[in-house]
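# Fold and geometry: a report
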Amino acid sequence: MKDIEQPELSWDEWDELKDPRPEENDFDGVVASAMTRRGFMGRILAVGSGAAVMGAGLMNSTAARAQSSSRFAFNPIPIATDFTIHVPEGYSWAPVAKWGDPLFSDAPAFDPVTGVTVDGQARAFGENTDGMELFNVNGHEIIAVNHEYANTSQNLPQTDGDVTSAEDVALLQNAQGVAVFEVAETDGVWDIVIDSPYNRRITHTTPMAIQGPAAGHDLLQTEADPEGVLALGTLNNCGAGKTPWGTYLTCEENFNGYFGSTDEAFERSDAFARYGIGLEGRYAYEKFDARFDVSVNPNEPNRFGYIVEIDPADPTSTPVKRTALGRFKHENAATAVAPDGRIVVYMGDDERGEYLYKFVSRDVYVPGGDTSTLLDHGQLYAAKFTDDGRGEWLGLTPEATGMDVAEIAIHTRLAASAVGATTMDRPEWVAVNPVAAEAYCALTNNRNRAVKPNAGGDDTPVNGPNPRAENNYGQIVRWYPENDDHAAVDFVWDLYVMAGNPSVHDDAYAGSDNVNVGNMFNSPDGMMFDSTGLLWIQTDGDDSNKDGFAGMGNNQMLVGDPVTGEIERFMTGPNGSEVTGITWSSDRRTAFVGIQHPSAPFPDGEGSLARSTIVAIKRDDNAVIG
Ligand code: FEO
Ligand code: CA
Ligand code: CA
Ligand code: CA
């Protein structure tokens, strides 16, 4: 049994290695603006133009806390540095689905040493669980979940993680994508319902329709699909979303990393450069599957980077790529219904210095009505924040961008650059509060803030919602749409929290006042509101517990109260892992939480490959937990 080392480069490290950014020259200037903690707070509060800007996150004084009684039904837990999960006293956790668990009885059982077979993997739970949603379909509890990327050291143990053949590629292609499967609870224990008629695996080769403004465009046509309307597979499915009509939205994030060129002389376009599509893919797909070789199929990458809609109630349905929602490194899709019935989808583009977007549908949602083209027509916007606590959604229109609607849908990053949107510190999940007209976005971190431009050459100076140069901790920004209407163009914003380390720093890098040595964390990423309006925050950061991260321990899940700004730690993940993805059973007595890229021995103990896992968390008294 070889020693298992967990991964490997993060996606942004991999991108940076392949596509180093030019240095900016104004670093001295930004260091001068790295304010003291007190100075930072004073600035934000001084420029604020109303109560909204003086948000609870920054105003969470001791006095405010003393007045509020905590809404949290748990005692916060300390950090951990070990290889298991911890939850508060009175709560328990148990695995529900692990990489390689069969969804169908014809799939072989997972082998702790050799893992999965190529064909078995297409009939089993995939690798690297990420965003998920639960749907109750005719009384059945159905989870749809993303399998974001591969950990080749675990998935290909026979080759020590090297991708050496078409068969290795096929195994990885089957390990990623999406799983839809039924779960059931027996005596408090949740399990996969093997062979449920709802069970389905969607992989890197599953046929899916292309709809919306980009469908059929020249840039989407390939030899295999001259019409440009039918793609194979969905790539790097990261965060997720759920529509009011009961479909699942899966979001294609680092799709660029699957493409390469067998011809070293291939010259990439400016658009390929902006999207990070280079000569060498991360998993060598291009060497064994010509579809991923851009020197042979130069339009294939244009068919990825979208949000895909899947009907979890119909395993025979064809997933649909909704190009009207734009093409970028989609993190998740947070939906809201505007007062007039139009659908709003908030979306982050997770790369250093990229943008925050929203889509507003042209047509209104009518419960029970036809929703088959609701996400095909509408307006895309990118967010512009100003330092006075106000903001505006800039329409990505032909007039504003000089691009036609199909080009805007395909080269969305170029359109957002053209209108001068605000470069952000890696927008990860957006969450919409179900009990207040506000939305939150986790800006996970950005070591390039005020150091390097984004991939399009747009400068990334410190700015209102991204106030710290070389930001290794991250923050959560929130906004309040005008007239409580998520379709509105104007909003006001504040920072709910700035993560930081008050045991190491006494300036802005100590974090906002609602961060203390007892609850500190870095790199907020996954975020979801529960039904009571509490915000569950998951982290994907540095778990070294050293230097600037000393005292933060493993990645974790915290709960935030938007009203008081209070944040407390609910769960810690195993060392090496990221905590990502959360959904609840229909009775709200179980929270399902994802553990991605854990290190061995999680969860099966010594001698087994490491397995990404969805766990169920319950209160021991079986009370509602969110
Ligand atoms: Fe897949 Fe940005 O996280
Ligand atoms: Ca993420
Ligand atoms: Ca992340
Ligand atoms: Ca991840």
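A brief report on the enclosed structure follows. The residue numbers shown here count from 1 along each chain, following its written sequence. Note on labels: chains are lettered from A, ligands numbered from 1, in written order. Residue-level local features of this predicted model are given only where pLDDT is at least 70; pairs of side-chain atoms are given and counted only at 80 or more, and the full residue set underlies all totals for whole chains, interfaces and linings. Note: side-chain values were computed over all heavy atoms of the structure, leaving out hydrogens and water.

### Observations concerning the sheet that holds strand β17 (residues 390-395)
- Here nine strands make up an open sheet; going across it, the order is β13-β14-β15-β16-β17-β21-β20-β19-β18 and the pairing antiparallel. Here the strands that pair on one side only, and so sit at the sheet edges, are β13 (334-337) and β18 (427-432). Across this sheet, the average inter-strand angle for adjacent strands is 30°, counted without regard to direction.
- When DSSP locates at least two bridges between a pair of strands, those strands are taken to pair. Helical segments are the DSSP runs of H or I of at least four residues, strand segments are the runs of E of at least two, and each set is numbered from the N terminus. Pairing of strand β20 (residues 475-481) with strand β21 (residues 490-498) involves seven bridges; the strand directions are antiparallel. Angles shown run from 0 to 180 degrees and are taken between the N-to-C directions of axes, each axis being a line fitted to C-alpha atoms and, for helices, limited to the stretch in contact.

### Details of the coordination of the calcium ion (ligand 3)
- Water is not part of the atom set, so a site may look incomplete; the donors themselves are N, O and S atoms within 2.8 Å of the metal, or 3.2 Å for Na, K and Ca. Here the calcium ion (ligand 3) is held by Glu428 (OE), Asp525 (OD) and Asp540 (OD), and the distances to it run 2.3 to 2.4 Å.
- Between consecutive donors of the calcium ion (ligand 3), the numbers of intervening residues give the motif E-x96-D-x14-D.
- Between the calcium ion (ligand 3) and the calcium ion (ligand 2), the interatomic distance is 3.8 Å, and glutamate 428 donates to each metal, bridging them. Taken together, the residues span a long stretch of sequence, with glutamate 428 in strand β18 and aspartate 525 in strand β22 (residues 524-529) at a distance of 97 residues.
- For each residue, the accessible area found with a 1.4 Å probe, counting protein chains only, is set against the maximum for its type, and the residue is called buried under 20%, exposed over 50%, and partly exposed in between. Accessibility expressed as a relative area gives 2% for glutamate 428, which makes it buried.

### Observations concerning the packing of aromatic side chains
- Classification of ring pairs uses Phe, Tyr and Trp, with its six-membered ring standing for Trp, and accepts pairs whose centres are within 6.5 Å; under 30 degrees between planes counts as stacked, over 60 as edge-to-face, and the remaining range as tilted. Under the counting rule described, the total for this entry stands at 34 aromatic pairs.
- Ring centres 6.3 Å apart and planes at 85° place the aromatic pair phenylalanine 135 and tyrosine 248 in the edge-to-face group. One end of the pair, phenylalanine 135, is in strand β2 (residues 129-137); the other, tyrosine 248, is in strand β10 (residues 248-252), with 113 residues separating them in the sequence.
- A residue is classified by how much of its surface remains accessible, and phenylalanine 135, at 4% relative accessible area, is buried.
- We classify tyrosine 248 as buried; its relative accessible area is 0%.

### Some remarks on the pairing of β21
- With eight of its nine residues buried, β21 lies for the most part within the structure.
- Where β17 and β21 come together, three bridges link them in antiparallel fashion. Considered in β21, the bridge of glutamate 392 is made with aspartate 490.

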